[in-house]
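One letter stands for each residue in the lines below.
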Amino acid sequence: MSDCIFCKIIEGEIPSTTIYENESVKVFKDIKPVAPVHLIIVPKMHIDDTEDINDDNKAAVAECLNAVKVAAKLAGVEKSGYRVISNCGKDGGQTVNHLHFHLIGGVKMREGLI
Ligand code: AMP
Ligand code: ZN
């Protein structure tokens, strides 16, 4: 999608610190990290958000979830643990309308969600 910042990162039009990618997924560092480890996992196919997941693109979403543990190991948090979040829509706090999963770790988080 031409005006999508994550599509531009995927295409290399906007720089990112990429830590892993394969043919369907890219993992890069969040530009405003909220924890010592804060990675963004995106499907290379543009999907708006979790509401936009369907039978035609669900394989790309599965690839993202499969990339979570690869990214966690590369970041060195596979044993200490981490949190995975996907914000959806206005009340979910989504600011970039390309489906993505935040992988956050490197610090002991409070139990519960918020
Ligand atoms: P969300 O608010 O869930 O939509 O998450 C979007 C995330 O993308 C935020 O944590 C931003 O800091 C991050 N972000 C925005 N622009 C960039 C960029 N150019 N490179 C890396 N991360 C970005
Ligand atoms: Zn996009």
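Being a predicted model, the structure only gives us computed values, none of them experimental.

### So, the pattern of salt bridges
By the definition in use, this model includes five salt bridges. Each of the salt bridges in this network shares a partner with another, and the network as a whole consists of Glu 21, Lys 26 and Lys 44.

### So, the nonpolar core
Grouped together as the largest cluster of nonpolar side chains are 17 residues, with contacts concentrated most on Val 25, Val 27, Leu 39, Ile 41, Ala 71, Phe 101 and Leu 103. For this core, the elements supplying multiple residues, two or more each, are strand S2 (25-29), strand S3 (37-43), helix H2 (58-75) and strand S5 (101-105). Per element, the largest residue contribution to this core is seven residues, and it comes from H2. Sequence-distant contacts of Leu 39, that is, excluding residues within four places in its chain, are made with Ile 19, Val 27, Phe 28, Lys 29, Asp 30, Ala 71, Ala 75, Phe 101, His 102 and Leu 103. Cys 4, Phe 6, Ile 9 and Val 96 belong to the second largest nonpolar core, which has nine residues in total.

### Quick notes on the site of ligand 1
Inspection of the region around ligand 1 gives 15 residues, with Asp 30, Asn 87, Thr 95, Val 96 and His 102 positioned closest. In this structure, a nitrogen atom belonging to ligand 1 sits 3.1 Å away from a main-chain N or O atom of Ile 31. Here ligand 1 has 500 Å² of accessible area as a free molecule, and 85% of this is covered by the chains. If you list the elements that add at least two residues to the shell around ligand 1, you get helix H1 (5-11) and S2. Looking at which element gives the most residues to the shell around ligand 1, the answer is H1, with three residues. Class assignment for the residues of the shell around ligand 1 results in six nonpolar, six polar and three charged.

### Side note on the pairing of S3
S3 sits mainly inside the fold: seven of its seven residues count as buried. Every second residue of S3 is oriented toward a common face, with Val 37, Leu 39, Ile 41 and Pro 43 on one face and His 38, Ile 40 and Val 42 on the other, all of them buried. With five bridges joining them, S2 and S3 adopt antiparallel strand pairing. Looking at the pairing, Lys 29 lines up with Leu 39 of S3. For S3 and S5, the ladder comprises five bridges, and the chain directions are antiparallel.

Definitions and cut-offs
- Residues numbered from 1 in each chain as written.
- Chains lettered and ligands numbered in written order.
- Predicted model: local features only at pLDDT ≥ 70, side-chain atom pairs only at ≥ 80, totals over all residues.
- Heavy atoms only, no water.
- Salt bridge = Lys/Arg side-chain N within 4 Å of Asp/Glu carboxyl O.
- Core = buried A, V, L, I, M, F, W, Y, C linked by side-chain atoms within 4.5 Å.
- Buried < 20%, exposed > 50% of the residue type's maximum accessible area, 1.4 Å probe, protein only.
- Helix = DSSP H or I, 4+ residues; strand = E, 2+ residues; numbered from the N terminus.
- Contact = heavy atoms within 4.5 Å.
- Near = heavy atom within 4 Å.
- Polar contact = N/O pair within 3.5 Å; in protein donor to acceptor, adjacent residues only side chain to side chain.
- Areas by Shrake-Rupley, 256 points an atom, 1.4 Å probe, with all protein chains shown as cover.
- Nonpolar A, V, L, I, M, F, W, Y, C, P; charged D, E, K, R; others polar.
- Pairing = 2+ DSSP bridges.

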